[in-house]
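Each chain, letter by letter, is given below.
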Amino acid sequence: MLSFVIPAKNEEDSVEILYKEIERVSNEVKKEYEIIFVDDGSTDSTFETLKKLQSRDKKIKIIRHRGNWGKSIALQNGFDKARGDIIFTLDADLQDNPADIPDFLKKLDEGYDLVSGWKKKRLDPQFGKVIPSRIVNFLARTLTGVKIHDTNCGFKAYRREVIKNLNLYGELYRFIPIIAAKQNFKVGEVPVTHRPRKFGKTKF
């Protein structure tokens, strides 16, 4: 069974499109699934949109935070509710492409415990995100020895044993592959499609 944990803040235009994409790919790979949306203090109609989707599909679960608690807490709360053997995380802004899900599953089948996405071609502003991200990832590889190109990519797949050993808070979500590797889990990566943001602006 697959669980999808998706933090969302003010993504009223994106969540239904993302739901339909995940539904289509999950059916294509013939996997039972659930989708856990974590509404991290949205002030638009994100929660109402999710409730309407849930009324049509009971595979959708919703966790609603009373305020903006941050991505680490959103992920941890989603992990605590997830029932799947394999847990995916991805962002709600449509920049992660669910069509890449089969690539993650193939990598897990090779014996990996955590597979992290690698945005080889990023569609973010060079000076605002791309260059700082490259610097941080270079330092992370150099200082920790964990050879992951993009530790902060939100698109990841985990075996259940990995999430049971995580306790996320603060900014720890940025370093999940390093935390897992230091716990002797086998960590790998797959290139993923990075799509341009269609609606709104970055929240996390």
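Everything that follows concerns the structure shown earlier in this document.
Keep in mind that what you see is a predicted model, and the values were worked out from it rather than measured. (Residues numbered from 1 in each chain as written. Predicted model: local features only at pLDDT ≥ 70, side-chain atom pairs only at ≥ 80, totals over all residues. Heavy atoms only, no water.)

Chemist: Would you explain the sheet that holds strand E7 (residues 187-191) in this entry?
Modeler: Strand pairing in a sheet relies on backbone hydrogen bonds, with the paired strands running either antiparallel or parallel. The strand order across the open sheet built from seven strands is E3-E2-E1-E4-E6-E5-E7, with neighbouring strands paired in mixed fashion. The strands lining the two open edges of the sheet, one partner per strand, are strand E3 (60-64) and E7. Put simply, the sheet's adjacent strands are angled 20 degrees from each other on average, direction ignored. Pairing analysis gives four bridges linking strand E4 (residues 86-89) to strand E6 (residues 156-159), with the strands arranged antiparallel. Counterpart to Ile 86 in the pairing with E6 is Arg 159. Here helix H3 (residues 71-81) sits on the sheet and contacts strand E1 (2-8), strand E2 (33-39), E3, E4 and E6; the angle it forms with E1, its principal contact strand, is near 155 degrees. (Pairing = 2+ DSSP bridges. Helix = DSSP H or I, 4+ residues; strand = E, 2+ residues; numbered from the N terminus. Axes fitted to C-alpha atoms, helices over the stretch in contact; angles between N-to-C directions. Contact = heavy atoms within 4.5 Å.)

Chemist: Looking at this structure, how should I read empty space enclosed by the protein?
Modeler: Where empty space is left in the structure can be found by rolling a water-sized probe over the atoms. This model, assessed by the stated rule, comprises one cavity of 30 Å³ or more. One number sums up the size of the largest cavity: a volume of about 60 Å³. In terms of lining residues, the largest cavity is bounded by Lys 71, Leu 75, Thr 89, Asn 152, Cys 153, Gly 154, Lys 156, Tyr 158, Tyr 173 and Ile 176. Where the lining of the largest cavity is concerned, the elements lending two or more residues are H3 and E6. Taken together, the residues of the lining of the largest cavity sort by class into five nonpolar, three polar and two charged. (1 Å grid on protein atoms, 1.4 Å probe; cavity = no way out; pocket = protein on both sides within 12 Å on 5 of 7 lines; lining within 4 Å. Points joined across faces, edges and corners; volume = space filled by probe spheres on them. Nonpolar A, V, L, I, M, F, W, Y, C, P; charged D, E, K, R; others polar.)

Chemist: Even after reading the chapter, I still don't get the pairing of E1, so can you show me in this structure?
Modeler: Here is the key point about a regular strand: its side chains alternate between the two faces of the sheet. Of all the seven residues making up E1, seven are buried; the element is thus mostly covered by neighbouring parts of the structure. Burial of the side chains of E1 extends over both faces: Leu 2, Phe 4, Ile 6 and Ala 8 are buried on one face and Ser 3, Val 5 and Pro 7 on the other. Traced from E1 through helix H1 (residues 15-28) to E2, the parallel crossover comes out right-handed. Examined bridge by bridge, E1 and E4 share four bridges and lie parallel to one another. Pairing of Phe 4 across the sheet is with Phe 88, part of E4. (Buried < 20%, exposed > 50% of the residue type's maximum accessible area, 1.4 Å probe, protein only. Right-handed = clockwise from strand over helix to strand, strands pointing away.)

Chemist: What should I look at first to understand the pattern of salt bridges in this one?
Modeler: Between side chains of opposite charge, a pair can form when the charged atoms approach closely. Here the structure, examined in full by the defined rule, presents ten salt bridges. Between Lys 20 and Glu 16 there is a salt bridge; the shortest N-O distance is 3.5 Å. With Lys 20 and Glu 16 both in helix H1, this residue pair falls four residues apart, about one helical turn. Residue Lys 20 is classed as partly exposed on the basis of its relative accessible area of 43%. You can call Glu 16 partly exposed: its relative accessible area is 28%. Residues Arg 56 and Glu 16 are paired through a salt bridge, measuring 3.3 Å at the closest nitrogen-oxygen approach. Residue Arg 56 is located in helix H2 (residues 46-56), and its partner Glu 16 is located in helix H1; the two are separated by 40 residues in the primary sequence. (Salt bridge = Lys/Arg side-chain N within 4 Å of Asp/Glu carboxyl O.)

Chemist: Teacher, can you tell me more about the nonpolar core here?
Modeler: Burial of nonpolar side chains together is a common tendency in soluble globular proteins. With 33 residues, the main nonpolar core has Phe 4, Ile 6, Ile 35, Phe 37, Phe 88, Phe 104 and Phe 155 as its most contacted residues. Among the elements of the structure, E1, H1, E2, H2, E3, E4 and helix H4 (101-109) are those that each provide at least two residues to this core. Per-element tally for this core: the top contributor is H1, with five residues. Setting aside residues up to four positions removed in sequence, Ile 6 forms contacts with Leu 18, Ile 22, Ile 35, Ile 36, Phe 37, Val 38, Leu 90, Asp 91 and Ala 92. Of all hydrophobic cores here, the second largest spans 23 residues; its members include Ala 74, Phe 79, Val 146 and Ile 178. (Core = buried A, V, L, I, M, F, W, Y, C linked by side-chain atoms within 4.5 Å.)

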